Amino acid sequence: MASKATLAGEIVSAYRDVTSYPTPTSADINISEGQATVVLQTLWSQHDLDRKEKTTLLRSHTINIATGSTLGKLGPQEVKNELWNKVSPSGKLRAVVRTGKDKQNEDKHYIEIFDSTRKLKTIDILALEKHGKIIDNDGQFGSFEWSSSEGHLLYLAEKKKAKTGSYFDPKAYKDSGSGDDDLPNEKPDLVRRGDEFEHIETWGEQLTERVHPVVCVLDIESNTVSVLENIPDDESAGQAMWGPDDAGIVVCTWKHSPYRLGLKFCCQRKSALYYLDLQKGSLDLLSQDGRAVRFPRFSPDMSKLIYLDVPEGGPHNQCARLVKIDWATRNRQVVVDEVKHAPDLEFPGIYTYNLARQVWFDDNIHIAMSTSWRSISAVIVVNTDNGKITRLEVDTADTQANINPQASYGFLGVKRNVVMMYYSTLNQPYNLLLAQVNDPSNLSSISWIYPDDHMETLDWLTFSVLVHKPSKSRINPKYENVDYESILCLPKQSQSGTLPPLIVFSHGGPNSVFDTSFNIISAFFCTCGYAVLMVNYRGSLGFGQDSILSLTGNIGTQDVMDVESAMVEVIAKGLVDGSRIFKFGGSHGGFLTTHLIGQYPDTFRAAATRNPVVNLASMFSTTDINDWIFAQAALEFDYRTLADDKLLPYLWLCSPMSHIDKVKTPILLMIGLDDKRVPPAQSFEYYKALKARNVSVRCLTYPKNNHSISDVDAEADCMVNTIVWFNNHLP
Ligand SMILES: CC(=O)N[C@@H](C)C(=O)N[C@@H](C)C(=O)O
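One numbering rule holds for all chains: residues counted from 1, following each sequence as written. The predicted nature of this model means local features are confined to residues of pLDDT at least 70 and side-chain atom pairs, given and counted, to a pLDDT of 80 or more, with totals for whole chains, interfaces and linings taken over all residues. In computing side-chain properties, one takes all heavy atoms of the structure into account and sets aside hydrogens as well as water.

Under the annotation held in an unreviewed UniProt entry, the chain carries the name Prolyl endopeptidase and is attributed to Lymnaea stagnalis. UniProt positions are given in the numbering used here, feature names are shortened, and annotations may be inferred rather than shown by experiment. One UniProt comment on the chain, placed under Catalytic activity (unreviewed entry), says "Cleavage of an N-acetyl or N-formyl amino acid from the N-terminus of a polypeptide." The annotation that UniProt attaches to the chain under Subcellular location (unreviewed entry) is "Cytoplasm".

Below you can see the structure in the form of structure tokens.
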């Protein structure tokens, strides 16, 4: 791999290198009772820079679980146009949701059923006109589940939309009964006249196609679809699962009224977990009032249901509780509570944006999941009877395994006690690992199987995790003991012995976290000769709920100073060149970037930022999550709240814009023109203010890109331009 890339061609090829490593996204295992051979199928995501898209790759490993030997490998092969692909509980059938277009270029969704030798049937599902598009595995609403009898499929789809037309269209009628229209009731295909331009509320950033998801059941025998009607019409449904004996379903819902607030990255939204009894048609609330819910999962014997909850409202991601419902009694019990403070390496609580579909071991007692544990992504096994938590990881004393003690792990699922995971580090791309764990209460002597040869270690990057204690003046009096961390990545030492320039990288959220997993951006910056300091300032996930709460009401000061002091500590170690410092980060990380160049105008050579929050006062009325501003500013929010004359001065003072007159640092602004979270106007406001002050600013705009600017070509352009911008400002 490259040493230092400086020319545009070298930078591009460095980016190609670091994006050539795929990331595992899901796994499925086929294992028959009593058999030693398992077939592990994994899906991976990889950038294809030439096709300008992310490709989904399927890999298949046949493994003898007793000996650990890999008997065969297939793939990677590309998977296209599949929304879901799921094997039935017996392993005999497979259901696929496939997308396509017809000759008129209209969207098609097909459900295809296979057995082991042939395709049994294809159902043209949209042609049935029962609902809109089927929802994919979007991490928010989508689920796709075989019934235990294998006769039905449960999934989420958009509610069927009424057809709308113009007042001037002779074929259009209005069915609301309020207008002056003659409405032939027998008309099967009503078209609502005059509603064609009605505003449609959506679930916001990255969920702009989600309006009103409903639960659907397909009867495979008769090819008929039922849309379940017992869920209140004012609630969108998601994450549906079959209950015991297929007699009902459990489902999460999110209320529409008074208006929808964005759901992406927002685990605290008002929501409920219900049981819908299909025979009685009744709907029972399972979750606790005032708690926001996610990820219901039944135990294999269907006697227990677990899910995660956090308080409703407040910061957008928080320490979650693991809750268990005993199905027979419907008794609800908190298995793992919120952790307020976790000194040193103690368990800091549960933090996750996702939960694997298969989390239960066969004993119906233990579950496994990924969670942030300070700056590491860990896999934990939880005893749901007594709440005992054990970390599931490779024993680093096992020299044969040769795994870095700071490695991050991700959990893919468990089936018949075969656990599927992956690990990686900042200098080692993702590797699979697998183990038979017959006694989940004893994780001490697990024989891990590595289905692939170990992925190479990238010798041009080294990293270390640093702990930072806030200095006396920076201690938060309400949360005195909260510390924080950063991860320092160093590029290969230059032959001349000169110290590398440093990029100070802050994450967004602010309630998210950097971990030691392989990170394309940091690897890329290091290949280009820069050291990277990834700062998990107070407020990051994985450090206890107190850390999250310590930041509310202190954004723009506590987080800014945490980042600046971590940087000063690292410079003092003499590992980086303190005279060549750069700042990078997006969203709330852009808020920190623009704050830092305003509050420390002589520190940074240049800065680059993606969709930065620059002015809370003007963002309030334009973002899909106006409550975010209130939560982070520790102000009460209800849906009627406005940024009025009392609040505006405060919001202004918390904002980077209030420091604009001090800014001297040249800055690159990268803007997703379809960003609903931090609308483009934020960056344009900053751009104009800098132009008017004669500060060097360059602005790149990415049409059809949202807040994450994650289209492959757009992301690549951002990364290469960032390094070119920094290189141009190196002395
Ligand atoms: C909750 C949320 O989306 N906050 C944004 C302001 C933000 O910082 N987003 C992060 C997750 C990002 O990196 O885009």
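Next comes the rest of the account.
Student: Would you mind showing me how to read the overall build of the chain here?
Tutor: A helix here means a DSSP run of H or I that spans at least four residues, while a strand means a run of E at least two residues long, and both kinds are numbered starting from the N terminus. The number of helices and strands found in the chain is 10 helices and 36 strands. For a compact globule the rule gives 2.2 Å times the number of residues to the power 0.38, and the radius of gyration it is set against comes from C-alpha atoms. For 731 residues, the compact-globule estimate of 2.2 N^0.38 gives 27 Å, and the C-alpha radius of gyration of the chain, at 26 Å, lies within 12% of that figure. Expressed as a percentage of its 731 residues, the buried residues of the chain come to 55%. The contact rule is simple, with two residues in contact once any of their heavy atoms fall within 4.5 Å. Look at the contacts in the chain between residues 6 or more apart in sequence, and 61% of them connect residues 24 or more apart. In this description, accessible areas are obtained by the Shrake-Rupley approach with a 1.4 Å probe, and a residue is regarded as covered only by the protein chains that are shown. Element-wise, carbon and sulfur atoms account for 48% of the exposed surface of the chain, whose accessible area totals about 30700 Å². We count Lys and Arg on the positive side and Asp and Glu on the negative side, and we leave His and both chain ends out. To locate a charge, take atom NZ for lysine, CZ for arginine, CG for aspartate or CD for glutamate. With 73 positive and 89 negative side-chain charges, the chain shows a separation of 3 Å between the mean positions of the two kinds. When a residue's accessible area, from a 1.4 Å probe over protein chains only, is under 20% of the maximum for its type it is buried; when over 50% it is exposed; and in between it is partly exposed.

Student: So what exactly am I meant to see when it comes to the sheet that holds strand 15 (residues 235-242) here?
Tutor: Sheet strands pair via backbone hydrogen bonds, and the direction of the pair is either parallel or antiparallel. Taking strand neighbours across the sheet as the criterion, the 4 strands line up as 15-16-17-18 in an open arrangement whose pairing is antiparallel. Edge positions in the sheet fall to strand 15 and strand 18 (283-285), since each has one partner strand and no second. The mean angle between the axes of side-by-side strands here comes to 30°, regardless of whether they run parallel or antiparallel. For two strands to count as paired, DSSP must find a minimum of two bridges between them. As judged from the 7 bridges shared by strand 16 (residues 248-255) and strand 17 (residues 271-277), these two strands associate in the antiparallel manner. Among the inter-strand pairings, Val 251 is bridged to a residue of strand 17, identified as Tyr 274. Lines are fitted to the C-alpha atoms to define the axes, a helix being fitted only along its stretch in contact, and any angle between axes, read from their N-to-C directions, falls within 0 to 180 degrees.

Student: I would appreciate a short explanation of the site of the ligand in the present structure.
Tutor: Near residues are defined by distance, with any heavy atom within 4 Å of the molecule or strand qualifying the residue. Neighbouring residues of the ligand: Phe 265, Gly 508, Gly 509, Ser 587, His 588, Arg 610, Ile 625, Trp 628, Arg 677 and His 707. Here a polar contact means two N or O atoms within 3.5 Å. Within protein one must be a hydrogen donor candidate and the other an acceptor candidate, and residues neighboring in sequence count only if both atoms are side-chain atoms. Interatomic distance of 2.6 Å between a side-chain N/O atom of Ser 587 and an oxygen atom of the ligand. The contact in question runs from an oxygen atom of the ligand to an N or O atom on the side chain of Arg 677, over 2.8 Å. Contact with the protein chains covers 91% of the free accessible surface of the ligand, which is 380 Å². Ten residues, namely Ala, Val, Leu, Ile, Met, Phe, Trp, Tyr, Cys and Pro, are considered nonpolar, four, namely Asp, Glu, Lys and Arg, are considered charged, and the remaining ones, Gly among them, are considered polar. Per-class residue counts for the shell around the ligand are 3 nonpolar, 5 polar and 2 charged.

Student: What is the right way to read the packing of helix 1 (residues 8-18) against helix 2 (residues 520-527) from this model?
Tutor: In a pair of packed helices, the angle between the axes and the distance between the axes together describe the arrangement. For the pair helix 1 and helix 2, interaxial distance at closest approach is 9 Å and the crossing angle is 145°. Regarding helix 1 and helix 2, the two cross each other, and that crossing is right-handed. Contacts between helix 1 and helix 2 involve Ile 11, Ala 14, Tyr 15 and Val 18 on the former and, on the latter, Ile 520, Ala 523, Phe 524 and Thr 527. Considered class by class, the residues forming the contact of helix 1 with helix 2 number 7 nonpolar, 1 polar and no charged. Helix crossings are classified by the rotation of the near helix relative to the far one: an anticlockwise turn of less than a right angle makes the crossing left-handed, while a clockwise turn makes it right-handed.

Student: Just checking my understanding: could you explain the pairing of strand 13 (residues 213-219) for this structure?
Tutor: Working note: regular strand, side chains alternate between the two faces of the sheet. Where burial is concerned, most of strand 13 is hidden: 6 out of the 7 residues are buried. Looking at chain direction, strand 10 (residues 152-158) and strand 13 are connected through 7 bridges and run antiparallel. By the bridge assignment for strand 13, Leu 156 is matched with Val 215. Of the pairings in the sheet, the one linking strand 13 to strand 14 (residues 224-227) comprises 4 bridges and is antiparallel in character. Considered in strand 14, the bridge of Cys 216 is made with Val 227.

Student: Teacher, can you tell me more about the sheet that holds strand 8 (residues 119-124) here?
Tutor: The strand order across the open sheet built from 4 strands is 5-6-7-8, with neighbouring strands paired in antiparallel fashion. The two strands at the open ends of the sheet, each matched to only one other strand, are strand 5 (82-87) and strand 8. Sheet twist, expressed as the average angle between the axes of neighbouring strands with direction ignored, equals 20°. Judged from the 5 bridges that link them, strand 7 (residues 107-114) and strand 8 form a sheet pairing that is antiparallel. The residue of strand 8 that forms the bridge with Phe 114 is Lys 119.

Student: Whenever I open this one, the state of the cysteines confuses me. Can you help?
Tutor: Here a disulfide denotes a covalent bond joining the sulfur atom of one cysteine to the sulfur atom of another. Whenever a pair of cysteine sulfur atoms sits within 2.5 Å, that pair is classed as a disulfide. Within the structure shown, the criterion is met by 0 disulfides. As a non-bridged cysteine, Cys 267 has Cys 266 as the owner of its nearest cysteine sulfur, 7.5 Å distant. When its relative accessible area of 8% is taken as the criterion, Cys 267 is described as buried. Cysteine Cys 718 is unpaired, with the sulfur of Cys 699 as its nearest cysteine sulfur at 11 Å. The class of Cys 718 is buried, set by a relative accessible area of 5%.

Student: Just to check I follow, could you spell out the pattern of salt bridges for this structure?
Tutor: Between side chains of opposite charge, a pair can form when the charged atoms approach closely. Within this document, salt bridges are pairs made up of a side-chain nitrogen of Lys or Arg and a carboxyl oxygen of Asp or Glu, the two lying within 4 Å of each other. Summed over all chains, the structure comprises 44 salt bridges. The residue Lys 86 makes a salt bridge to Glu 145 at a minimum N-O spacing of 3.1 Å. One end of the pair, Lys 86, is in strand 5; the other, Glu 145, is in strand 9 (residues 144-146), and 59 residues separate them in sequence. As a salt-bridge pair, Arg 357 and Glu 145 come within 2.7 Å of each other at their nearest N and O atoms. You can see Arg 357 sitting in the loop between strand 22 (331-336) and strand 23 (366-373) and its partner Glu 145 sitting in strand 9, a full 212 residues away along the chain. The class for Arg 357 is partly exposed, based on a relative accessible area of 34%. Members of the salt-bridge network, linked through shared partners, are Asp 48, Arg 51, Glu 53, Glu 78 and Lys 80.

Student: Where do I start with the UniProt feature "domain: Peptidase S9 prolyl oligopeptidase catalytic" (unreviewed entry) in the chain in this structure?
Tutor: In the UniProt entry, the feature "domain: Peptidase S9 prolyl oligopeptidase catalytic" (unreviewed entry) is given for residues 518-730. Between the first and last C-alpha atoms of residues 518-730 the distance is 27 Å; the span itself is 42% helix and 14% strand.

Student: What should I look at first to understand helix 9 (residues 680-692) in this one?
Tutor: Side chains three or four residues apart in an α-helix point the same way, a direct result of the helix having 3.6 residues per turn. Here a helix's expected span is defined as the number of its residues, less one, multiplied by 1.5 Å. With 13 residues, helix 9 ought to run about 18 Å at 1.5 Å a step, and its terminal C-alpha atoms sit 18 Å apart, in line with that. Turning to helix 9, the residues buried within the fold contact helix 5 (588-599), helix 6 (616-619), strand 35 (667-672) and strand 36 (697-702). Asn 694, located one to two residues past helix 9, shows a positive phi value of around 65°.

Student: Any chance you could explain the packing of aromatic side chains here in plain terms?
Tutor: Geometry of an aromatic ring pair is reported as the spacing of the ring centres plus the angle between the planes. When two rings of Phe, Tyr or Trp (its six-membered ring) have centres within 6.5 Å they constitute a pair, described as stacked for plane angles under 30 degrees, edge-to-face for angles over 60, and tilted for the intermediate range. If you walk through the whole model with that rule in mind, you get 25 aromatic pairs. Between Tyr 21 and Phe 518 the ring centres are 5.6 Å apart and the planes differ by 80°, which places this aromatic pair in the edge-to-face class. Of this pair, Tyr 21 sits in the loop between helix 1 and strand 1 (23-31) while Phe 518 sits in the loop between strand 31 (502-506) and helix 2, and the two are 497 residues apart along the sequence. Residue classification places Phe 518 among the buried positions, given a relative accessible area of 8%. Look at Tyr 259 and Tyr 639: their rings are 4.9 Å apart centre to centre, the planes differ by 80°, and that puts the pair in the edge-to-face class. Of this pair, Tyr 259 sits in the loop between strand 16 and strand 17 while Tyr 639 sits in the loop between helix 7 (626-632) and helix 8 (648-654), placing them 380 residues apart in sequence.

Student: Just checking my understanding: could you explain helix 2 for this structure?
Tutor: Of all 8 residues in helix 2, 7 are buried, a share of seventy percent or more. All of the buried residues along helix 2 are Ile 520, Ser 522, Ala 523, Phe 524, Phe 525, Cys 526 and Thr 527. At the N-terminal boundary of helix 2, the capping side chain belongs to Asn 519, with an oxygen 3.0 Å from the backbone nitrogen of Ile 521. One or two steps after helix 2, the chain reaches Gly 529, where phi turns positive at roughly 95°.

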